[in-house]
Amino acid sequence: MHQNKKSNRLFTIEALTAETNEQLRQPLRMTEEEFLEFCDEDTKAEHIDGEVIVLSPGSNKHSRIATFLTRILQFYIDRHHLGTLWGENFQVRPRQGLRRVSDLIFISKDNRVTVTNTEGR
């Protein structure tokens, strides 16, 4: 048991863990503007119609697979002049209220999508 010096209340680690787990189960909700303030370059998170999903770091295996696929696809895309391949931690906004982080994003040279820097917006 630990004693909270501010209120002299006694609490157990189990009670704190249960309370923390319950808070983690609650969806984190915010506007897209609030999300932009919340999500800096070190925070890997997605915003889906007001709900924020903070993503856990990838495993070593996940990283190796992503690197392998990136190298193979990048070689093929460059060789055939097909477009642009974007890697991890690249956030896309297909529509208002939806911001996703994909492992790999391919944009065909025939696709007239405009890629803009949204940092700070």
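Because the structure is predicted, anything quoted here is derived from the model rather than measured. (Residues numbered from 1 in each chain as written. Predicted model: local features only at pLDDT ≥ 70, side-chain atom pairs only at ≥ 80, totals over all residues. Heavy atoms only, no water.)

Q: Please provide a residue-by-residue account of the packing of aromatic side chains, values included.
A: Across all of its chains, the model carries one aromatic pair by this definition. Relative to phenylalanine 90, the ring of tryptophan 86 lies with its centre 4.3 Å away and its plane at 20°, an arrangement referred to as stacked. The partly exposed category is assigned to tryptophan 86, whose relative accessible area is 29%. (Phe/Tyr/Trp six-rings, centres within 6.5 Å; stacked < 30°, edge-to-face > 60°. Buried < 20%, exposed > 50% of the residue type's maximum accessible area, 1.4 Å probe, protein only.)

Q: How would you summarise the nonpolar core if you had to cite specific residues and measurements?
A: The biggest cluster of nonpolar side chains holds five residues, and these are Met30, Phe35, Cys39, Ala45 and Val52. Excluding anything up to four places from it in sequence, cysteine 39 contacts Ala45 and Gln91. (Core = buried A, V, L, I, M, F, W, Y, C linked by side-chain atoms within 4.5 Å. Contact = heavy atoms within 4.5 Å.)

Q: Describe the pairing of strand β9 (residues 105-108), and please don't skip the residues or the numbers.
A: Side chains Ile105 and Ile107 of β9 all project onto a buried face; the interleaved residues Phe106 and Ser108 project onto a face where none is buried. Here strand β6 (residues 83-86) runs beside β9; their pairing, made up of four bridges, is antiparallel. Bridge assignment links leucine 85 to a residue of β9, and that residue is phenylalanine 106. (Helix = DSSP H or I, 4+ residues; strand = E, 2+ residues; numbered from the N terminus. Pairing = 2+ DSSP bridges.)

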